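Take a look at the letters that make up each chain.
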Amino acid sequence: MDKLTEQYFRDEISEIKEKLEERQLLQEMANCRPSKTGLPVNIWIDETEAYKTGKHTKRIKFQINKKPKFQPQNTCSMTLDGKIPDKVWNKIKQNKEFAISGPERIAVSNFVVNNSYALDKVADQLLWLDEFWEIFIKGGEEASAKDIVKLKNKTDEYVKKHKDD
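None of the values given here were measured: they were computed from a predicted structure. (Residues numbered from 1 in each chain as written. Predicted model: local features only at pLDDT ≥ 70, side-chain atom pairs only at ≥ 80, totals over all residues. Heavy atoms only, no water.)

A. View of the environment of arginine 59. With respect to the helices and strands, arginine 59 occurs in strand β3 (residues 59-63). Between the C-alpha atoms of arginine 59 and tryptophan 44, which are 15 residues apart in sequence, the distance is 9.1 Å. Polar contacts involving the side chain of arginine 59 include one to the side chain of serine 77, which spans 3.1 Å. (Helix = DSSP H or I, 4+ residues; strand = E, 2+ residues; numbered from the N terminus. Polar contact = N/O pair within 3.5 Å; in protein donor to acceptor, adjacent residues only side chain to side chain.)

B. View of the environment of glutamate 157. Within the secondary structure, glutamate 157 sits in helix α6 (residues 145-164). Residues glutamate 157 and leucine 127, 30 residues apart in the sequence, show an inter-C-alpha distance of 9.7 Å.

C. View of the nonpolar core. Core analysis: the biggest nonpolar cluster contains 33 residues, and Ile43, Ile45, Ile60, Phe62 and Phe132 have the highest contact counts within it. Counting residues per element, the ones that place at least two in this core are β1 (30-32), β2 (43-45), β3, β4 (75-79), α3 (86-92), α4 (102-123), α5 (129-135) and α6. Element by element, the count of residues in this core is highest for α4, at 7 residues. (Core = buried A, V, L, I, M, F, W, Y, C linked by side-chain atoms within 4.5 Å. Buried < 20%, exposed > 50% of the residue type's maximum accessible area, 1.4 Å probe, protein only.)

D. Highlighting the sheet that holds β3. If you trace the 4 strands from one edge of the open sheet to the other, you get β1-β2-β3-β4, paired in antiparallel fashion. The open sheet is flanked by β1 and β4, the only strands paired with a single partner. The average angle at which neighbouring strand axes cross in this sheet is 30°, direction not considered. Bridge count for β2 against β3 is 3 bridges, and the pairing is antiparallel. Following the sheet pairing, tryptophan 44 is matched in β3 by lysine 61. (Pairing = 2+ DSSP bridges. Axes fitted to C-alpha atoms, helices over the stretch in contact; angles between N-to-C directions.)

Below, the structure is given as structure tokens:
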């Protein structure tokens, strides 16, 4: 086998391995339907501390189409600052299943930014997911500063309660 062919197979195997690891991780994440989040797409919230492996940052994943059935193979990562890494975004746009508009993507981004403080604590397992659902800012509209402060204060109350337990 020549070096070019050998490198091709190594790259293919590496990509398959990465996809399998990501799919396994996605199965461990909490999946959330639009009826719960107020978003136009399904999302997955990472509550596994998986970011500690160093392969990615704290994040959520969202489905790149509005089909009601969860489709783990058609997801995109978004960091807790509401951004999609360029490398990821360029690859996602090539996916034939890609079917969300700019405003829908912005809604997901607003949801993440609005709730980033609490999502950060969920990722660190300092805030339980059921507590998150009690205090989160629903939907994809940009939240007011007052609502974000309220979320932060309530999050801190839960985190303190867990530390005291």
